[in-house]
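Secondary and tertiary structure notes
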Amino acid sequence: MLFTTKTMSEWYSNYRGAVLENILIEEVATDSRRNTRNSLFIPLKGESFDGHEFLEDAINNGAVATFWELDKELPSFLPNNFPVFLVDDSLVALQQLASHYRNQVNPTVIGITGSNGKTTTKDLIGTVLQSHYRTHRTKGNYNNHIGLPLTILSMKRDTEVLVLEMGMNHLGEIELLSKIARPDYAVITNIGESHIEFLGSRNGIAQAKLEILTGLKKTGLLFIDGDEALLTELHSRDNVMSVGFNSNNKYVISHFSSTEADATFQLANQTYKLNLLGRHNVKNASFAILIAHELNVPFEKIKNSLVQLEITGMRFEVTKGINNVTIINDAYNASPTSMKASIDIVRDMDSRYKKVLVLGDMFEMGKHSRKLHQTVADSI
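An account of the accompanying structure is given in this report. This one's a predicted model, so the numbers in the text were calculated from it and none came from an experiment.

All right, on to the side chain of aspartate 262 then. Of note, aspartate 262 is situated in the loop between strand 15 (254-258) and strand 16 (263-267). Lysine 273 provides the closest opposite charge to the buried, salt-bridge-free aspartate 262, at an N-O distance of 4.2 Å. With residues near it in sequence (within four places) discarded, aspartate 262 still touches Ser257, Lys273, Leu274, Asn275, Leu276 and Leu277.

Notably, asparagine 38 is not glycine yet its phi reads approximately 50 degrees, a positive angle. Mapped onto the elements, asparagine 38 comes out in the loop between strand 4 (27-29) and strand 5 (39-41). Asparagine 38 sits in the partly exposed class, given a relative accessible area of 26%. One non-glycine residue, arginine 182, lies in the positive phi region at around 45 degrees. Tracing the backbone shows arginine 182 in the loop between helix 6 (173-181) and strand 11 (185-188).

Below, the discussion takes up the packing of helix 4 (residues 118-129) against helix 9 (residues 279-294). It is the contact of helix 4 with helix 9, at a shortest axis distance of 9 Å, that shows an interaxial angle of 35 degrees. Pair helix 4 / helix 9 crosses with right-handed handedness. Taken together, the residues of helix 9 that come into contact with helix 4 (itself represented by Thr120, Thr121, Leu124, Ile125, Val128 and Leu129) are Asn281, Asn284, Ala285, Phe287, Ala288, Ile291 and Ala292. A per-class count over the contact of helix 4 with helix 9 returns nine nonpolar, four polar and no charged.

The next point concerns the sheet that holds strand 7 (residues 84-87). Taken together, the five strands give an open sheet; going across it, the order is 2-7-6-5-4, and neighbouring strands pair in mixed fashion. A single partner strand is all that each edge strand has here, and the edge strands are strand 2 (15-16) and strand 4. Alignment of strand 5 against strand 6 (residues 63-69), held across three bridges, turns out to be parallel. Among the inter-strand pairings, phenylalanine 41 is bridged to a residue of strand 6, identified as threonine 66. Across the sheet, helix 3 (residues 90-105) lies against strand 4, strand 5, strand 6 and strand 7, angled at about 125 degrees from strand 6, the strand it touches most.

About the criteria used
Every chain begins its residue count from 1, and numbering advances along the sequence as written. Selection of residues for local features in this predicted model requires a pLDDT of at least 70, selection of side-chain atom pairs for listing and counting requires 80 or more, and totals for whole chains, interfaces and linings are taken over all residues. Side-chain descriptors were evaluated using all non-hydrogen atoms of the structure, hydrogens and water having been removed beforehand. The numbering of helices and of strands both runs from the N terminus, where a helix is a DSSP run of H or I of at least 4 residues and a strand a run of E of at least 2. Think of it in three bands: with a 1.4 Å probe and only protein chains considered, a residue is buried below 20% of the maximum accessible area for its type, exposed above 50%, and partly exposed in between. Counted as positive: Lys and Arg. Counted as negative: Asp and Glu, with His and the chain ends omitted from the count. Put simply, a salt bridge is a Lys or Arg side-chain nitrogen that is within 4 Å of an Asp or Glu carboxyl oxygen. Working rule for contacts: check all heavy atoms of both residues, and any pair within 4.5 Å makes them a contact. Geometry is summarised by axes, namely lines fitted to C-alpha atoms with helices restricted to the contacting stretch, and by angles between N-to-C directions that run from 0 to 180 degrees. By definition, turning the near helix anticlockwise from the far helix through less than a right angle yields a left-handed crossing, and turning it clockwise yields a right-handed one. Just so you know the grouping, Ala, Val, Leu, Ile, Met, Phe, Trp, Tyr, Cys and Pro go in nonpolar, Asp, Glu, Lys and Arg go in charged, and all remaining residues, Gly too, go in polar. Strands pair, by our definition, only if DSSP identifies at least two bridges between them.

Okay, here's the thing in structure tokens:
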């Protein structure tokens, strides 16, 4: 159970139907076609659809209550006792509901943003922390103004740690997500060029990522890519932990080495092995290690978790092809920073066989597109 309709009546005062009968809500649904069990249906609206038109389908598939926007006429088929929460905006109501539920469960929350490496870092942190805590994390790319609330509303009530990925295209979006999630720990993986079309410059991108601070608790810690010049001004703050290869960081990564299968490095006088390749992934793993230390995860559990990672698909995913060919799939998304990192890894790989790079387009580069594509070509 997530909550009951009676509990919801304390959050949403405008309602009709048998709300006060304490009807159990076991899940939240936005897709009327999905079979659910005792769900709250949230009829979202898009450019070409309106979820209010599919309430009957949602009920037939297990919905036992719904949000309903005030300017919409209730359908005639709806029984008088069916619980309806009347709201101004169903999307805002979803976000408010997620915030209420997050506060009720009150897990330790880790929020992760950055131009590249968000999903891998989320998987790293989630894998390490679940070795010691009941952990819930973002699935797939559920990291926006709809996906993040749905991720929160899909966690079990006994969740101890919640790991949330926060994505964005425009200014103000991370601020909204951070205020919903109220993280205890936040991570900025890096500042790249993704969405530069909308934000104008890397400096604009940095400002957008820093919005994660708006919801960070006063006692919270921010972990940053300490090698990124655009974040240098944060190094002197007490609640900021800078991590990287440069010697000016609070936590310096050293003794890095790599094989075709894994990477080895040192952090805070301990040696770790990671079953991912590349300096950027070692940095992402360092965020996971340091947050795990903050949460008192035993060293052996941290160490063992890093060699047993399961990463979301198409993020430097290594498989074997015909004739034992090694295929590396890093095709989920592309930016100059991520492409150059992948190229560096392939270049550094020891192999007596031919290496072939297949590169696709990078989008949302705007007026910078030609120049940024050229920087990738120049790095090969």
